[in-house]
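What follows is the residue order along each chain.
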Amino acid sequence: MKNVVVVGLGKSGLGDAIATRFARENYGVVVMDFNDDYLKETTDKLTSLGCEVHAIKLNLMDSINIRAAFEEAASYGQIASLIYVAAARRNEYPSKLTREHMEFDFSINVGAIADCVQNALPYLENCEGSSILLTGGRLALAPELPSCSLSLCKAAIRNYLYALHEDLAEKGIFAGTVTIFNPIKPNTDYAPEKIAELFWSLHSNRKEFEIKF
C-alpha cells in the first residue's frame, strides 16, 4: 500500500505547495478543506502533474466528520504524515474579545487539531518514519493586537506540539513545526514553495522540533 500524506489546505497557498512537494517524493496525497474551490484547485494541479491525489471535504467543527475523513483517507494508502495548515482568523482587539469568540476560535484552531491528531495516530503508529507537522507563526511568540485571538491559538498549538513531540518519540512518530516570521507571499523569500521545503526537511530529517523561518 502506497504511503500518503494528509494535508489540511487553508488559503495561503502553503498547503498546496506542501502537497506538491510530497507528491514529488512519490507520496500519494489526500487534501482536506471545507472550501470546494481550494480542493478543486489543488487536485487539478496535482492531477495535471501526474500525481495521485484525493480530495475530502472537511468540517473542522464536526468531530464525527473528522473521524470519517481519516477513515476515508486511510482507504487510499498508508497515512505517513498529517500536515495541518488551516487556521481561522479574527481581526479583533483583545479588549473586544468575548468568551464566545475565544471558544469558537480555539475550537477551530486548537480543538480541531487535537481531533485530527487523535484520528491520525492509529494509522501513523503503523508507518515507519511517520510525522505530524503543524504550521507555527511569529504570533505564538510575539502577539499582535488585531490578531490577538490567533496569537493565543498559535501559542497553544506550539505548546501542544512541543509536548506531543516528547510524548510520541518512543512510538517513532515525529512531531514538529515550522514557525514562520513573515507573511506567506509568492515570489518572495516567503513563497509557499520555499516554506514547503522546510516541511519536507522536518519530515525526512526528523531532528529538530522547530524550524524558525
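See above for the structure.
Calculation notes
Residues numbered from 1 in each chain as written. Predicted model: local features only at pLDDT ≥ 70, side-chain atom pairs only at ≥ 80, totals over all residues. Heavy atoms only, no water. Axes fitted to C-alpha atoms, helices over the stretch in contact; angles between N-to-C directions. Helix = DSSP H or I, 4+ residues; strand = E, 2+ residues; numbered from the N terminus. Left-handed = near helix turned anticlockwise from the far one by under 90°. Contact = heavy atoms within 4.5 Å. Nonpolar A, V, L, I, M, F, W, Y, C, P; charged D, E, K, R; others polar. Buried < 20%, exposed > 50% of the residue type's maximum accessible area, 1.4 Å probe, protein only. Polar contact = N/O pair within 3.5 Å; in protein donor to acceptor, adjacent residues only side chain to side chain. Salt bridge = Lys/Arg side-chain N within 4 Å of Asp/Glu carboxyl O. 1 Å grid on protein atoms, 1.4 Å probe; cavity = no way out; pocket = protein on both sides within 12 Å on 5 of 7 lines; lining within 4 Å. Points joined across faces, edges and corners; volume = space filled by probe spheres on them. Pairing = 2+ DSSP bridges.

### Re the packing of helix H3 (residues 63-74) against helix H4 (residues 99-124)
Axis separation between H3 and H4 bottoms out at 10 Å; the angle between their running directions is 35°. As H3 runs across H4, the sense of the crossing is right-handed. Two secondary-structure elements touch here, H3 through Ser63, Ile66, Arg67, Phe70, Glu71 and Ala74 and H4 through Ala112, Asp115, Cys116, Asn119, Ala120 and Tyr123. When the residues that make up the contact of H3 with H4 are grouped by side-chain class, the tally is seven nonpolar, two polar and three charged.

### Remarks on the side chain of Thr177
Residue position: Thr177 is located in strand E6 (residues 174-180). Judged by relative accessible area, Thr177 falls into the buried class, the value being 4%. From its side chain, Thr177 meets the backbone nitrogen of Gly136 in a polar contact 3.2 Å long. What Thr177 contacts, discounting residues up to four positions off in sequence, is Leu134, Thr135, Gly136, Leu161, Leu202, Phe209, Glu210 and Ile211.

### Here's the deal with the pattern of salt bridges
Side-chain pairing between opposite charges can occur once the charged atoms of the two side chains come close. Within the structure shown, the criterion is met by 13 salt bridges. Of the charged contacts, one joins Asp44 and Lys40 as a salt bridge, the two residues approaching to 2.6 Å between their closest N and O atoms. Separated by four residues within a single helix, Asp44 and Lys40 lie in helix H2 (residues 36-48), roughly one turn from each other. Where Glu103 meets Arg99, a salt bridge forms, and the shortest distance between an N and an O atom there is 2.8 Å. Taken as a pair, Glu103 and Arg99 lie in helix H4 at a separation of four residues, close to a single helical turn. The exposure class of Arg99 is exposed, given its relative accessible area of 62%.

### A closer look at the layout of surface pockets
Empty space within the largest pocket amounts to approximately 920 Å³. Considering the residues around the largest pocket, the lining is formed by 36 residues, among which Val85, Ala86, Ala87, Ala88 and Arg89 are closest to the centre. Only strand E2 (28-33), H4, strand E5 (131-137) and helix H5 (148-168) provide two or more residues apiece to the lining of the largest pocket. Residues that form the lining of the largest pocket fall into these classes: 19 nonpolar, ten polar and seven charged. Here the second largest pocket is characterised by a volume of approximately 230 Å³. Contributing to the lining of the second largest pocket are 16 residues, with Ser12, Gly13, Asp16, Glu41 and Thr42 lying nearest its centre. Of all the secondary structure elements, the ones that give two or more residues to the lining of the second largest pocket are helix H1 (14-23), H2 and helix H6 (192-205). Of the residues in the lining of the second largest pocket, the class split is six nonpolar, five polar and five charged.

### Section: the sheet that holds E6
Neighbouring strands of a sheet are bound in pairs by backbone hydrogen bonds; such pairs are parallel or else antiparallel. The strand order across the open sheet formed by seven strands is E3-E2-E1-E4-E5-E6-E7, and the pairing between neighbours is parallel. Every interior strand has two partners, whereas the edge strands, strand E3 (53-57) and strand E7 (210-212), have only one. Taken pair by pair, the neighbouring strands of this sheet meet at an average axis angle of 15°, ignoring direction. Relative to E5, strand E4 (residues 78-84) runs parallel, the two being bridged by four bridges. Looking at the pairing, Ile83 lines up with Leu133 of E5. Packed on one face of the sheet, H1 meets strand E1 (3-8), E2, E4, E5 and E6 and runs near 170° to E1. Packing against the sheet, H4 makes contact with E4 and E5, and its axis sits at approximately 165° to E4.

### Some points on empty space enclosed by the protein
A full pass over the atoms with the stated rule returns two cavities of 30 Å³ or more. What lines the largest cavity is Tyr84, Val85, Ala86, Ala87, Asn109, Ile113, Thr135, Leu150, Lys154 and Ile157. Per element, the largest residue contribution to the lining of the largest cavity is three residues, and it comes from H5. Its residues placed into classes, the lining of the largest cavity shows seven nonpolar, two polar and one charged. Empty space within the second largest cavity amounts to approximately 40 Å³. As for the second largest cavity, its lining consists of Val6, Val7, Gly8, Met32, Leu58, Phe70, Leu82, Ile83, Tyr84 and Cys116. Those elements that provide at least two residues to the lining of the second largest cavity are E1 and E4. Tallied by class, residues from the lining of the second largest cavity come to nine nonpolar, one polar and no charged.

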